[in-house]
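These are the residues of each chain, in order.
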Amino acid sequence: MDSKEVKLWGGRFEESVTDVVEKFTESISFDKALYKQDILGSIAHATMLASQGLITESERGAIVEGLVEIRNQIERGEFVWRTDREDVHMNIEAALTDLVGEPAKKLHTARSRNDQVSTDLRLWCKDAVVAIMSRIKNLQVALVKLALKNEGLIVPGYTHLQRAQPILLQHLLLAYVEQLQRDLLRLIDYRVRLNHCPLGACALAGTGLPIDRIKTSDALEFSHPLRNSIDAVSDRDFVIEFLSANAITAIHLSRLGEEWVLWASEEFGFITPSDSVSTGSSIMPQKKNPDPMELVRGKSARVIGDLVTLLVLCKGLPQAYNRDLQEDKEPLFDSVKTIIGMLEVTAEFADNITYNKERIEKSLPAGHLDATTLADYLVKKGVPFRTAHDIVGKSVALCVSRNCQLKDLSLPDLKAVSPEFEEDVYEFLGVENSIKKFTSYGSTGSECVAEQIHYWVRELGLS
Ligand code: ARG
């Protein structure tokens, strides 16, 4: 056989494609990653064809045996992928014909590469979702463990990156755990829509042959065949949805990365990553950089880019299948590989950072973090909040002019701003006191945070 063998569609063609076209249109260089799913789909299809009397039992036997042998060859690294056979589907089908002869020619009965590729891809996504979910859970565990190591540590809370209110570090870390939980739930939701089988939709219109789509759907552990054959082969919303979920997760990780990079700076000095998760500089001997988390932030751009690629790819396509759709695979594979790497490295980073208690504590007096608690104090005395806001604003201005903290103001000083202030005001001032005053559901008060910790310890099976 020369390198330009007759294509599987050879009948109406007099010439083979040019080398340039062959190289440009092939997808085998990347869709060979779908070999397992492709073989599983073919086995389910052949089994259904046999049970419907469309092929004989012995033909089915030869096909299945051949497919299993091909899978073994691939896994042993002995299989030769051929660019002239274009994609994973034709490579496997043609290799099967080489291996078992005539029966293989019946495998493509009532099937098209259009429903085949969509089936392969959905099966691949089903596995990928599980892989990502387990990494999300591992990261949640790492964050909760990090929180447990730092019980009681108060850190400044920021809005606009300006000091806002005191918060417990545990509270902050659990915010990320919550975000990751929604990422997880999004994937769980997505799985329901993903779990429908395109196989048997054929090119776009279905077939007049007596196939049983429920049988193949069941065999491949889908919940049901897709109802509409045109929809089944034409849409890639299941890829878009997956990439959207990954993009959201990537953004969560990127923000955590940004926080850690910032907090590892000399200016903040709130965390010290261990050497095992840091890298140095080739020129500046003193440098120790939090590169993994910078790259988490950086790689989120790829994951977002992968989603945008899919959105733009699909937006102008007429029904039903178009070859453009071949371009769905690389962004999908890239997104999954990248997000898994990001989740793994973030968990490892979490295991290897120390919060610098002393440095953080030293920084807490700055920024009047207790000002809002002081306003709440006045509200409790019956002062309208807007008035309280104004009074505390004036008290802060006094502190700024004297370069002191709210708790350093004497009662006469405070009373000069508002007669509502009394001796008990000092129970509300200073970050430790301030933290104790938070009691609302979900707040940063020690009891509320302890409840949240308790919830996650149980939820993640850490107790
Ligand atoms: N390699 C193609 C893809 O990834 C498979 C489907 C090809 N179908 C076709 N009618 N040419 O989309």
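Computed from a prediction, not measured in an experiment: that's the story for all the values here.

A. Spatial organisation of the nonpolar core. Among the nonpolar cores identified, the biggest contains 103 residues, and Ile132, Leu143, Phe242, Trp260, Trp263, Leu332 and Tyr355 are the most heavily contacted of them. Ranked by the residues each element gives to this core, the list is headed by helix α6 (residues 113–149), at 15 residues. If we skip the residues at most four places from it in the chain, Tyr355 touches Leu146, Asn150, Leu153, Leu169, Leu173, Trp260, Trp263, Phe270, Ile271 and Ile360. With 20 residues, the next largest nonpolar core counts Val383, Leu411, Phe421 and Phe428 among its residues.

B. The arrangement of the pairing of strand β1 (residues 154–159) in detail. Two elements, β1 and strand β2 (residues 162–168), share six bridges in a ladder whose sense is antiparallel. Counted as the bridge partner of Pro156 is Pro166 from β2. The turn linking β1 back onto β2 is made up of two residues, and His160 within it adopts a positive phi angle of 55°.

C. Looking closely at helix α18 (residues 446–459). The end-to-end C-alpha distance of α18 is 20 Å, a good match for the 20 Å that 14 residues give at a rise of 1.5 Å each. The set of residues buried in α18 consists of Cys448, Val449, Gln452, Ile453, Trp456 and Val457. Each element contacted by the buried residues of α18 is listed here: α6, β2 and α7 (169–194).

D. Focus on the packing of helix α3 (residues 35–51) against helix α5 (residues 88–100). In the contact formed by α3 and α5, the axes pass within 10 Å of each other and the chain directions differ by 55°. The angle between α3 and α5 places the two elements in the oblique class. Two packed elements cross with a definite hand, and for α3 against α5 that hand is right-handed. Of α5, the residues touching α3 (which contributes Tyr35, Asp38 and Ile39) are Val88, His89 and Ile92. When its residues are assigned to classes, the contact of α3 with α5 shows four nonpolar, one polar and one charged.

Reading the values: rules and limits
As a convention, each chain's residues are numbered from 1 in the sequence order in which they are written. Where local features are concerned, this predicted model is filtered to residues with pLDDT of at least 70; where side-chain atom pairs are given and counted, the filter is 80 or more; whole-chain, interface and lining totals use all residues. Computation of side-chain values covers all heavy atoms of the structure but excludes hydrogens and water. Nine residue types can take part in a nonpolar core, namely buried Ala, Val, Leu, Ile, Met, Phe, Trp, Tyr and Cys, and a core is a set of them joined through side-chain atoms within 4.5 Å. Note on exposure labels: buried denotes an accessible area under 20% of the residue type's maximum, exposed denotes more than 50%, and partly exposed covers the range between, all computed with a 1.4 Å probe on protein chains only. A run of DSSP states H or I qualifies as a helix once it reaches four residues; a run of E qualifies as a strand once it reaches two. Both are numbered from the N-terminal end. Any two residues having at least one pair of non-hydrogen atoms within 4.5 Å are treated as being in contact. By this definition, two strands are paired if DSSP reports at least two bridges between them. One less than the residue count of a helix, multiplied by 1.5 Å, gives the span that helix is expected to have. In this analysis an axis means a line fitted to C-alpha atoms, helices contributing only their contacting stretch, and an angle means the value between N-to-C directions, from 0 to 180 degrees. An angle below 35 degrees is treated as roughly parallel, one above 145 as roughly antiparallel, one from 65 to 115 as roughly perpendicular, and anything else as oblique. Here a crossing is called left-handed whenever its near helix is offset anticlockwise from the far helix by less than a right angle, and right-handed whenever the offset is clockwise. Each residue is assigned to one of three groups, with Ala, Val, Leu, Ile, Met, Phe, Trp, Tyr, Cys and Pro labelled nonpolar, Asp, Glu, Lys and Arg labelled charged, and all others, Gly among them, labelled polar.

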